[in-house]
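Chain by chain, the residues run as shown.
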Amino acid sequence: MKKNDFYLIGGIIVFILVAFIGLYIFRTEGTMVVVSVNEKELISLPLDEDTTYTIHHDDGQWNTIEIKDGYVSMLDASCPQKICVKHHKIHYSFESIYCNPNEVFLRIVDDTENELDAIAK
Amino acid sequence: MNSSKVASYGLFIALAFVFSYVEFLIPIPFTMPGMKLGLANLVIIIAMYGMGIKEALVLSIMRILLVGFTFKDPSSLLFSFAGGLLSWLLMAICKKTKLFSMLGVSIVGGIAHNIGQIIVAIIYVNNTSLLYYLPFLMISGVVSGTLIGILGALTIKRLNKYFDKWNK
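For clarity, every value in this text was computed on a predicted model and none was experimentally measured.

Scanning chain A for helices and strands turns up three helices and seven strands. Reading chain A from its N terminus to its C terminus gives the helix and strand order α-β-β-β-β-β-α-β-β-α. Across its three principal directions, the C-alpha atoms of chain A cover 50 × 40 × 30 Å. Here chain A holds 121 residues, and the buried ones make up 24% of them. Long-range contacts, defined as pairs at least 24 residues apart, comprise 33% of the intrachain contacts of chain A with a sequence gap of at least 6.

Right, let's talk about the overall build of chain B for a bit. Within chain B one finds six helices and zero strands. When the helices and strands of chain B are listed from N to C terminus, the series reads α-α-α-α-α-α. At 16 Å, chain B has a C-alpha radius of gyration in line with the 15 Å of a compact globule built from 168 residues. Dimensions of chain B, computed from C-alpha atoms along their principal axes, come out at roughly 50 × 35 × 30 Å. The 168 residues of chain B split such that 42% are buried. Nonlocal contacts in chain B, meaning residues at least 24 apart in sequence, comprise 70% of its contacts between residues at least 6 apart.

Below, the discussion takes up the interface of chain B and chain A. With 24 residues of chain B at the interface, the matching set in chain A holds 24 residues. Put simply, the parts of the chain that give the side of chain B that touches chain A at least two residues each are α5 (102-125) and α6 (134-167) of chain B. With five residues, α5 of chain B is the largest single contributor of residues to the side of chain B that touches chain A. Among the residues making up the side of chain B that touches chain A, the classes are represented as 16 nonpolar, seven polar and one charged.

This paragraph deals with the confidence of the model for chain B. Residues of chain B with pLDDT of at least 70 account for 98%, and the chain-wide mean is 88. Under the prediction, the complex receives an ipTM of 0.80, its pTM being 0.83.

Residues and elements named next belong to chain A. Ordered by their spatial adjacency, three strands build an open sheet running β3-β4-β5, and the pairing between neighbours is antiparallel. The sheet is open, and its two borders are formed by β3 (51-56) and β5 (71-77), each paired with just one other strand. On average, each strand axis in the sheet is tilted by 20° relative to the strand beside it, whichever way the strands run. Relative to β5, strand β4 (residues 62-68) runs antiparallel, the two sharing six bridges.

On to unusual backbone geometry. Residue and element names in this part refer to chain A. Non-glycine residue D69 carries a positive phi angle of around 50°. Relative to the helices and strands, D69 is located in the loop between β4 and β5. Even without being a glycine, F94 presents a positive backbone phi close to 75°. With 21 C-beta atoms packed within 10 Å, F94 lands in the buried category.

What counts and how
- Numbers given for residues are sequential positions, taken from 1 along each chain in its written order.
- In the order they appear in the text, chains get letters beginning with A and ligands get numbers beginning with 1.
- Only residues with pLDDT of at least 70 get local features here, since the model is predicted, and only at 80 or more are side-chain atom pairs given and counted; chain-wide, interface and lining totals rely on the full set of residues.
- What counts as a helix is a DSSP run of H or I of at least four residues, what counts as a strand is a run of E of at least two, and both are numbered from the N terminus.
- A residue is called partly exposed when the number of other C-beta atoms within 10 Å of its own lies between 12 and 20, exposed at 12 or fewer, and buried at 20 or more, with C-beta atoms placed from the backbone.
- Any pair of residues counts as being in contact when their C-beta atoms, constructed from backbone geometry, are within 7 Å of one another.
- In this treatment the radius of gyration is a C-alpha quantity, and the globule benchmark scales as 2.2 Å times the residue count to the 0.38 power.
- Throughout this entry, Asp, Glu, Lys and Arg are counted as charged residues, while Ala, Val, Leu, Ile, Met, Phe, Trp, Tyr, Cys and Pro are counted as nonpolar. The remaining residues, Gly among them, count as polar.
- By definition, pLDDT measures how confident the predictor is in each residue, and it falls between 0 and 100.
- In this scheme, strands are said to pair when DSSP sees at least two bridges between them.
- Note on geometry: axes are C-alpha line fits, over the in-contact stretch for helices, and angles between N-to-C directions span 0 to 180 degrees.

In structure tokens, the structure reads:
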């Protein structure tokens, strides 16, 4: 084991901490939730409309998403451990919930930023 | 190439393949797509130190192809290749320059995996905001890289005799 290894680990930990603090400081309220299944974007839902949305997977599994008062949560799912269901509600941009067995990924986005992307394209 | 080399390649590919499968079986609550234990990377890094850098690349490519067509959607091959190849490239550079020991090389490999996959994801969905998920993924990269590095160093010590024969 070399000294450089420790510098590497230390440097990465500092980078991660700074990145997290930055994300926390510059976080904005999200406007949309993007639902992707198996790395493919399925649907985007606005946060200002209360609704529930159920995804039925090809293999009979399912996930139900709830949007309430601007917060998104996984209401119920067919996965065994239900980690995604226990996850706290998400609301701010870059917050996310992931259901690993069903490969469902919910992430909050800020629409204004998407508009910037659209202009860039 | 002599027969013992052929046999070693077969053995290592089989090991990497099995480790990839074991990873599917272990239910660890990862909170983001792309977070992984990277058990197969243990085989790749041992091969890199024991057999050589080129051999590790061959193993890595074979493993990705096999796992991609067996357990995963072939469309995920692009993600696996980006992660696997970037990881191999950076590990090879770090090993060649002797900048880090096996532990450091393994951590670089773990993080390179995350970076490679996120670059492809950004190109794929054409949305740079995915970059903000990198710090989350890097946590898993550092943790798994450290574990794999320690395990790899322990294994290499015990396999030295075998690899001495290989390199003759």
